[in-house]
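Tertiary structure, described
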Amino acid sequence: MASLQPVRGTRDLLPDDCRRHRRIEQAAFAVAERYGYGEIATPAFEFTEVFARSLGDTSDIVAKEMYTFQDRGGASLTLRPENTAGVVRAVVSNGLLHQVPLKLFYRGPMFRYERPQKGRLRQFHQVGVELIGVADALADVEVVTLGADFLAALGLADKVVLEINTLGDSASRAVYRERLITYFAAHHDSLSPDSRDRLHRNPLRILDSKDEGDRALIAEAPLITDSLSDGSRAFFEAVLAGLEACGVPFRHNPRLVRGLDYYCHTAFEFTTDALGAQNAVLAGGRYDGLVAELGGPTTPGIGWAAGVERLAMLVAEDSGPPAPIAVVPVDMAQQKPALAVAQRLRSAGLVVDLGYSGGLAKRMKRANRIGARAAVILGEAELAAGLATVRDMHSGEQQQVPIDSLPTHLARLP
Ligand code: ATP
Ligand code: MG
């Protein structure tokens, strides 16, 4: 029988991978908690409408990346491609909007039908935050600063650059939209089919195109900066001034737009040049129209999401799990007392390895192989006297230690 393979674009996370992911998720949550964010977990699938309404049908995600299926009851469901829509849906359906501001953190797997490549998977993981209910630019400052703190906590401050832009309010975008249509319509024949399709439906989306021909046109396209209302300009300046006050370095990139329909005002991305084409590690923006889109009262919001797999490729190796203590019965007759000793040491908080079979030589070999810090060797006569031999696996030194003092003795090993 042919052996079963994982689905293209999915990966097994083996213990080392999981440890990295956990470190990244814990760093994100620890920083978010310092800003007063609580964790929320929404289901991995939602009614398709949740995403279709919030992302809009001209988005890449809705147009070609969703895992959508009919369940046995005939409902159209979609595996979440991102978590902002789910969080906002949850906030509305749990009636949480009367206690704004809501500060929420999430983590978990997301699903997109994309062409798999380095840093681009069909099941990947994100951590993210949402701050719902604050229209002030201080919210933008807080959320971006939280992202910068998180990346700094991972030791990535020097490896990433914060690019930030404004998409303005809806009046500014309406002006910009017309200018973009005029510009791109003049180059209609050079546009990619996808972008031609977006020209009248959502010209801003063209700016996000990865097609090379499009990119050349985009480089010369009008900038949103020239279409901003006074209010939008002042808002953006307040955000930048706040970031300066927080000591967060940024680069204004007037060409940065976000691929989702509900974004307005602030859009930002932390990028790296260490990952090739998949250069965004953390991206987000303001989405003042989203809550209303999903059936709630008009409520502002801002958030970001970071790709855990991309971050995992950037962070330094960690020190690994703590080195274990090997408990080594000299022969099988001591296996039972060895079990009791192992239990005592584990209760004392030590990492303990106890083999399942074999004599002294085999077990010491295993102790070496697993990188044990020390071996606690239990022989018949010693056990009778309440003693064990502790072998320091680094120095090779051996010492008799009363079994009762083992936890303190072992905990003191450097
Ligand atoms: P890209 O331009 O790389 O497709 P995106 O704009 O689709 O990114 P977002 O929807 O903003 O990405 O998601 C936030 C973050 O999630 C990205 O910056 C990236 O780090 C990560 N991410 C997005 N899609 C994938 C994927 N298919 N595989 C791995 N990580 C991803
Ligand atoms: Mg994408």
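1. Topic: the site of ligand 1
The immediate surroundings of ligand 1 are formed by 16 residues, with Arg112, Glu114, Arg120, Leu121 and Arg258 found nearest. Here a nitrogen atom of ligand 1 sits 2.6 Å away from a polar atom, N or O, in the side chain of Glu114. Taking Arg120, its side chain carries an N or O atom lying 2.8 Å from an oxygen atom of ligand 1. Coverage of ligand 1 by the protein chains reaches 89% of its 590 Å² of free accessible surface. Among the residues making up the shell around ligand 1, the classes are represented as seven nonpolar, three polar and six charged.

2. Considerations on helix 5 (residues 137-153)
Here helix 5 is 17 residues long and its end C-alpha atoms lie 24 Å apart, about the 24 Å a rise of 1.5 Å per residue gives. The buried fraction of helix 5 amounts to 12 of the 17 residues, a majority that puts the element mostly inside the structure. Among the residues making up helix 5, those that are buried are Ala137, Ala139, Asp140, Val141, Val143, Val144, Thr145, Leu146, Gly147, Ala148, Phe150 and Leu151. Where helix 5 starts, the residue carrying a side-chain oxygen 2.8 Å from the main-chain nitrogen of Leu138 turns out to be Asp136.

3. Quick word on the packing of helix 1 (residues 15-34) against helix 5
Where helix 1 meets helix 5, the axes come as close as 9 Å, and the angle between the chain directions of the two elements is 135°. The orientation of helix 1 with respect to helix 5, classified from their angle, is oblique. Pair helix 1 / helix 5 crosses with right-handed handedness. In contact with Ile24, Ala27, Ala28, Val31 and Ala32 of helix 1, helix 5 contributes Leu146, Asp149, Phe150 and Ala153. Residues of the contact of helix 1 with helix 5, tallied by class, amount to eight nonpolar, no polar and one charged.

4. Here we look at empty space enclosed by the protein
Under the criterion given, the structure shown has two cavities of 30 Å³ or more. In this structure, the largest cavity occupies an estimated 60 Å³ of space. Of all the elements in the fold, those that place two or more residues in the lining of the largest cavity are strand 12 (325-329) and helix 13 (360-369). Looking at the lining of the largest cavity residue by residue, the classes come out as five nonpolar, one polar and three charged. If you add up the space inside the second largest cavity, you get close to 40 Å³. If you go around the second largest cavity, the residues you meet are Tyr176, Leu207, Ile218, Ala221, Pro222, Leu223, Ile224, Pro254, Arg255 and Val257.

5. Some details on the pairing of strand 5 (residues 102-111)
The element strand 5 is extensively covered by neighbouring structure, given that seven of its 10 residues are classed as buried. With two bridges joining them, strand 1 (residues 38-39) and strand 5 adopt parallel strand pairing. Within strand 5, the residue paired with Gly38 across the bridge is Leu104. One ladder, built from 10 bridges, connects strand 5 with strand 6 (residues 123-132); its direction is antiparallel. Paired with Met110 across the two strands is Phe124, which belongs to strand 6.

6. A few points about the domain arrangement of the chain
Here the domain parsing of the chain yields domain 1 (15-169 + 229-314) and domain 2 (325-411). On a C-alpha basis, the centroid separation for the pair domain 1 and domain 2 is 49 Å.

7. Quick look at the sheet that holds strand 6
Strand order across the open sheet formed by eight strands is 1-5-6-11-10-9-7-8, with mixed pairing between neighbours. In this open sheet, the two edge strands, each paired with only one partner strand, are strand 1 and strand 8 (251-252). Sheet analysis places strand 6 next to strand 11 (residues 301-307), joined by seven bridges and oriented antiparallel. Residue pairing across strands places Leu131 opposite Ile302, the latter belonging to strand 11. Sitting on the sheet, helix 5 is in contact with strand 5, strand 6, strand 7 (161-166), strand 9 (264-271), strand 10 (280-286) and strand 11, with an inclination near 15° to strand 11.

8. A few points about the sheet that holds strand 13 (residues 352-354)
With respect to topology, five strands assemble into an open sheet ordered 13-12-14-15-16, the strand pairing being mixed. Unpaired on one side and paired on the other, strand 13 and strand 16 (398-402) mark the two borders of the sheet. For this sheet, the mean angle separating the axes of adjacent strands, direction not counted, is 30°. Strand direction decides the pairing type here: strand 12 and strand 14 (residues 374-378), joined by five bridges, are parallel. Its bridge partner lying in strand 14, Pro329 is registered against Leu378. Here helix 12 (residues 335-347) sits on the sheet and contacts strand 12, strand 13 and strand 14; the angle it forms with strand 13, its principal contact strand, is near 165°. Packed onto the sheet, helix 13 meets strand 12, strand 13, strand 14 and strand 15 (387-392) and runs at close to 175° relative to strand 12.

Calculation criteria
Throughout this document, residue positions are counted from 1 along each chain, in the order its sequence is written. By the order in which they are written, chains take letters starting at A while ligands take numbers starting at 1. Reporting of local features is limited, given that this is a predicted model, to residues whose pLDDT is at least 70; pairs of side-chain atoms are given and counted only at 80 or more, and all residues count toward the totals for whole chains, interfaces and linings. As a convention, hydrogens and water are excluded, and side-chain values are obtained from all of the structure's heavy atoms. For this purpose, a residue is taken to be near a molecule or strand whenever a single non-hydrogen atom of the residue falls within 4 Å of it. Contacts described as polar in this section are N or O atom pairs within 3.5 Å, which, within protein, must combine one atom able to donate a hydrogen with one able to accept it, while residues neighboring in sequence count only if both atoms come from side chains. Per-residue and other accessible areas follow the Shrake-Rupley method at a 1.4 Å probe size, with only the shown protein chains counted as cover for residues. Basically, the charged four are Asp, Glu, Lys and Arg, the nonpolar ten are Ala, Val, Leu, Ile, Met, Phe, Trp, Tyr, Cys and Pro, and anything else, Gly included, counts as polar. Helix and strand definitions here come from DSSP, where helices need a minimum of 4 consecutive H or I residues and strands a minimum of 2 consecutive E residues; each element is numbered from the N-terminal end. One less than the residue count of a helix, multiplied by 1.5 Å, gives the span that helix is expected to have. Only protein chains enter the calculation, and the probe is 1.4 Å; a residue is then buried if its accessible area is under 20% of its type maximum, exposed if over 50%, and partly exposed in between. Orientation is described by axes fitted as lines to C-alpha atoms, over the contacting stretch for helices, and by angles from 0 to 180 degrees between their N-to-C directions. Between 65 and 115 degrees an angle is taken as roughly perpendicular, under 35 as roughly parallel, over 145 as roughly antiparallel, and anywhere else as oblique. In this scheme the crossing of two helices becomes right-handed for a clockwise turn of the near helix relative to the far one and left-handed for an anticlockwise turn of less than a right angle. The contact criterion used is simple: two residues touch if any of their non-hydrogen atoms lie within 4.5 Å. The pocket and cavity definitions rest on a 1 Å grid over protein atoms only: a 1.4 Å probe that fits but cannot leave marks a cavity, an open set with protein on both sides within 12 Å along at least five of seven lines marks a pocket, and residues lining either have an atom within 4 Å of a point. Grid points are joined across faces, edges and corners, and a volume is the space filled by probe spheres set on the points. Each pair of strands is called paired provided DSSP finds at least two bridges between the two strands. An automatic or database domain assignment supplies the residue ranges for each domain.

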